[in-house]
Amino acid sequence: MTTKILVTFASPGGATAGVAAAIGQKLASAGAEVDVRSINEVTDLSAYQAFIIGSAIHGGRWMPEAMAFIERHHDILQQMPTAVFQVCMMLATHNEQYKKLVPGWFAPIRSQIRPVAEGSFSGALQPGKYPKLIEKLGLRIFLAAIKLKAGDYRDWDAIRTWTDSVSPLLISKGDNG
Ligand SMILES: Cc1cc2nc3c(=O)[nH]c(=O)nc-3n(C[C@H](O)[C@H](O)[C@H](O)COP(=O)(O)O)c2cc1C
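I will try to describe carefully the structure that is included in this document. (Residues numbered from 1 in each chain as written. Predicted model: local features only at pLDDT ≥ 70, side-chain atom pairs only at ≥ 80, totals over all residues. Heavy atoms only, no water.)

What the largest pocket holds in volume is close to 550 Å³. Taken together, 29 residues line the largest pocket, and the ones lying closest to its centre are Ile-57, His-58, Met-89, Leu-125 and Tyr-130. Ranked by residue count, the leading element in the lining of the largest pocket is helix α6 (residues 133-145), at four residues. (1 Å grid on protein atoms, 1.4 Å probe; cavity = no way out; pocket = protein on both sides within 12 Å on 5 of 7 lines; lining within 4 Å. Points joined across faces, edges and corners; volume = space filled by probe spheres on them. Helix = DSSP H or I, 4+ residues; strand = E, 2+ residues; numbered from the N terminus.)

And the structure:
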């Protein structure tokens, strides 16, 4: 039986959704059966034998809807192979102190489930896309503080390489496609 994999994501600004789509495409091109869905659309996990869950980082944390999803489904996610990834801007900087913070953002996830793999990727941030003036200003200040220009810093090669490394951990050994 082919392993069916759910790639699900929380992505207020759309960058994490793009990462999830790239992960889904890579898994599918390797022969897996994959659904890529917003975390807000997923209620039933029974069709899947493996999971990849991703979230944007806001304020050093996963999005609340992604945390709620993991809490709600943690029984299933503990039993099935589950990989997690996060998308943030600190990784796009050249500041090693900032980068050291990034793995710690998985701690609340690790207290709920035992992921078979963790991936951290640089994301994208365009303050002008956010509707409220206060958000635009706050995000410009954030970018200035971490000395980064607005833009898309997603590293598609890194995302595909991680997906290749994760794929055998998700697809069961007896699965011959
Ligand atoms: C309100 C807000 C807070 C953010 N806080 C952080 C942060 O604490 N650390 C970080 O590295 N990136 C932070 N970012 C950058 C996002 O993680 C990055 O832009 C990511 O690609 C957003 O993904 P999305 O487009 O899927 O929402 C923040 C972005 C926003 C909009």
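A separate point is the packing of helix α1 (residues 15-29) against helix α7 (residues 156-170). Where α1 meets α7, the axes come as close as 9 Å, and the angle between the chain directions of the two elements is 50°. The orientation of α1 with respect to α7, classified from their angle, is oblique. Note that α1 runs across α7; the crossing there is right-handed. Residues Gly-18, Val-19, Ala-22, Ile-23, Lys-26 and Leu-27 of α1 form the contact with α7, whose participating residues are Trp-156, Ile-159, Arg-160, Trp-162, Thr-163, Asp-164 and Ser-167. In terms of residue class, the contact of α1 with α7 is built from seven nonpolar, three polar and three charged. (Axes fitted to C-alpha atoms, helices over the stretch in contact; angles between N-to-C directions. Parallel < 35°, antiparallel > 145°, perpendicular 65-115°, else oblique. Left-handed = near helix turned anticlockwise from the far one by under 90°. Contact = heavy atoms within 4.5 Å. Nonpolar A, V, L, I, M, F, W, Y, C, P; charged D, E, K, R; others polar.)

We now examine the packing of aromatic side chains. How two aromatic rings sit relative to each other is set out by the distance from centre to centre and by the angle between their planes. Applying the stated criterion across every chain yields a total of five aromatic pairs. Ring geometry for Phe-121 and Trp-162: centres 5.6 Å apart, planes at 80°, overall edge-to-face. Taken together, the residues Phe-121 in strand β6 (residues 117-122) and Trp-162 in helix α7 connect sequence positions 41 residues apart. The pair Phe-121 / Trp-162 is uniform in exposure class, with both members buried. (Phe/Tyr/Trp six-rings, centres within 6.5 Å; stacked < 30°, edge-to-face > 60°. Buried < 20%, exposed > 50% of the residue type's maximum accessible area, 1.4 Å probe, protein only.)

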